[in-house]
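Commentary on secondary and tertiary structure
One letter stands for each residue in the lines below.
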2 protein chains.
Amino acid sequence: MGTSPPIEFWFDLSSPYAYFAALKIKGLAERHGRKVHWRPFLLGVLFRVTGNAPLTGQPLKGDYCRRDWERLARMDGVPFVMRSDFPVATQAPARMILAVERIEGRDLAAWFARSLFEAMFGAGLRIEDAAVAADVGRGIGLDAAMLRKAAEDPELKSALRDQCAEAERRGIFGSPWFIVDGEPFWGADRLPMVERWLTHTTSIGPSTP
Amino acid sequence: MGTSPPIEFWFDLSSPYAYFAALKIKGLAERHGRKVHWRPFLLGVLFRVTGNAPLTGQPLKGDYCRRDWERLARMDGVPFVMRSDFPVATQAPARMILAVERIEGRDLAAWFARSLFEAMFGAGLRIEDAAVAADVGRGIGLDAAMLRKAAEDPELKSALRDQCAEAERRGIFGSPWFIVDGEPFWGADRLPMVERWLTHTTSIGPSTP
């Protein structure tokens, strides 16, 4: 592995497109000698800035996206369960991911975040419920009591607020969102572009923000 | 060439993402023995249904997209000029494309539409002006007087309204938009998915709408 900075992967745990990206990003990054820094945030906070709304509630777009998610799952050969009670608020599991990162480090936080995505969209579990999310953590060897406590910890609440403020400051308005050496990429369908960027940055040249 | 139905390519001439797709769609289609049916419509009419707004006017998203367009142009090695007076209304050139399709057929209408995109985003011309769009037509051997007349023809106004109504009825809310054997794909970055669909439809299986 080189010493290049990690790829930042910003996501809301309730984002189906982030689920599909979450399954692929580690493999993509490792092919290019990169680590991934998994950064949970809350899309709803950003919607207040952009005036956007959850996909599932939008006329036409909601129907298209439901069809698109099913199709992506078939193409990628991965399970996909779409709950009918969307959108959901993912503060509790997002705080837990931040707690795991602080205590155990980024690798285990990524492992946990991926497990939460799979519980949510592979099995249709209600991971917004702290008890359910803590159970997911227990399944991969984490301390469930620590996780449940993290969901209500004032310091982690504050850390998640900071994370959302950082997202806003850096112009992030969608999930998934990738930042590679300062260059932003929005959307699961931009992973091929991220890969091309990692391979050919010099020939493409960086963007002038 | 096979006898498979053409790929429908729906676009608004003021859509930068449609410009990038317009340059690629013919080559993609021909690799799979398909023709392309170029279908202009007006995104603004659909925005009334979806509540969406032009990308350039949206907080955060506008900045991201401007950067993304420049980047796509560098990656594809194609010219890109972004006018500052966006969005623009493209009724006049859209009606002209419909006129060319009626008189000269789909192939020449596609040729003209591509020329309009290149004039707009390659050279920064004001193709929403009927005289400018007619000049673009003259440049590829079309009758400029016929084109100028088409821009104000009541029957073509009605044909464009019908085209927009069809877009709405079929759930189209973005540009570019592709339909392959009934399957919808939204966005220039979905062209690789369209290509995969054309290659592997049987193994992926069609969507149930």
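Model, not experiment: these values are computed from the prediction.

1. Structural notes on the pattern of salt bridges
In total, this model carries 47 salt bridges over all chains according to the counting rule given. Notably, a salt bridge pairs A:Arg66 with A:Asp63, separated by 3.3 Å at the nearest N-O pair. You can see A:Arg66 and its partner A:Asp63 sitting in helix 3 (residues 61-76), 3 residues apart, about one turn around the helix. Across the salt bridge formed by B:Arg126 and B:Glu128, the nearest N and O atoms sit 3.3 Å from each other.

2. A look at the packing of aromatic side chains
Across all of its chains, the model carries 40 aromatic pairs over all chains by this definition. Consider the rings of A:Phe9 and A:Phe11, whose centres lie 5.0 Å apart with planes at 40 degrees: the pair is tilted. Grouping residues by exposure puts A:Phe9 and A:Phe11 together as buried. Between B:Tyr17 and B:Trp69, the aromatic rings sit 5.6 Å apart at their centres with planes inclined by 65 degrees, giving edge-to-face as the arrangement. Of this pair, B:Tyr17 sits in helix 1 (residues 16-31) while B:Trp69 sits in helix 3 (residues 61-76), and the two are 52 residues apart along the sequence. You can call B:Tyr17 buried: its relative accessible area is 14%. Owing to a relative accessible area of 1%, B:Trp69 belongs among the buried residues under this scheme.

3. Brief notes about the interface of chain B and chain A
Interfaces are frequently sized by the accessible area removed from exposure as the parts join. At the junction of the two partners, chain B supplies 36 residues and chain A supplies 36 residues. For the pair chain B and chain A, the two sides together bury roughly 3400 Å², of which 56% comes from carbon and sulfur. Linking chain B with chain A are 8 salt bridges. The partner of B:Asp68 in a salt bridge is A:Arg190, and the shortest N-O contact between them spans 2.7 Å. Taken together, the elements giving at least two residues each to the side of chain B that touches chain A come down to helix 2 (43-50), helix 3, strand 4 (183-186) and helix 9 (191-204) of chain B. It is helix 3 of chain B that provides the largest number of residues to the side of chain B that touches chain A, a total of 9 residues. Looking at the side of chain B that touches chain A residue by residue, the class counts come to 18 nonpolar, 7 polar and 11 charged.

4. Remarks on the sheet that holds strand 4 of chain B
In sheet architecture, strand pairing relies on hydrogen bonds along the backbone and comes in two forms, parallel and antiparallel. Residue and element names in this part refer to chain B. Taken in spatial order, the 4 strands line up as 2-1-3-4 in an open sheet, and their pairing is mixed. In this open sheet, the two strands that pair with only one neighbour each are strand 2 (36-40) and strand 4. The sheet shows a mean angle of 20 degrees between the axes of neighbouring strands, direction not considered. In this structure, strand 3 (residues 177-180) lies alongside strand 4, joined through 4 bridges in antiparallel fashion. Within strand 4, the position partnered with Phe178 by the bridge is Phe185. Sheet strands in contact with helix 8 (residues 154-169) are strand 1 (7-11) and strand 2, and its direction is about 105 degrees off that of strand 2.

5. Some points on the nonpolar core
Core analysis: the largest hydrophobic core is formed by 149 residues, its most contacted members being A:Trp38 and B:Trp38. Filtering out sequence-adjacent residues up to four positions away, A:Trp38 remains in contact with A:Phe9, A:Phe11, A:Ala22, A:Ile25, A:Glu101, A:Ala110, A:Ala113, A:Arg114 and A:Phe117.

6. As for the sheet that holds strand 1 (residues 7-11) of chain A
Overall, mixed pairing links the 4 strands, which are arranged 2-1-3-4 (chain A) in an open sheet. The strands lining the two open edges of the sheet, one partner per strand, are strand 2 (36-40) and strand 4 (183-186) of chain A. Going from strand to strand, the sheet's axes swing by 20 degrees on average, the running direction of each strand aside. For strand 1 of chain A and strand 2 of chain A, the ladder comprises 5 bridges, and the chain directions are parallel. Paired with A:Trp10 across the strands is A:Arg39, a residue of strand 2 of chain A. Those strands touched by helix 3 of chain B are strand 3 (177-180) and strand 4 of chain A, and its axis lies near 105 degrees from that of strand 4 of chain A.

Scoring rules and cut-offs
- Residues numbered from 1 in each chain as written.
- Chains lettered and ligands numbered in written order.
- Predicted model: local features only at pLDDT ≥ 70, side-chain atom pairs only at ≥ 80, totals over all residues.
- Heavy atoms only, no water.
- Salt bridge = Lys/Arg side-chain N within 4 Å of Asp/Glu carboxyl O.
- Helix = DSSP H or I, 4+ residues; strand = E, 2+ residues; numbered from the N terminus.
- Phe/Tyr/Trp six-rings, centres within 6.5 Å; stacked < 30°, edge-to-face > 60°.
- Buried < 20%, exposed > 50% of the residue type's maximum accessible area, 1.4 Å probe, protein only.
- Contact = heavy atoms within 4.5 Å.
- Buried area = accessible area lost by both parts, 1.4 Å probe.
- Nonpolar A, V, L, I, M, F, W, Y, C, P; charged D, E, K, R; others polar.
- Pairing = 2+ DSSP bridges.
- Axes fitted to C-alpha atoms, helices over the stretch in contact; angles between N-to-C directions.
- Core = buried A, V, L, I, M, F, W, Y, C linked by side-chain atoms within 4.5 Å.

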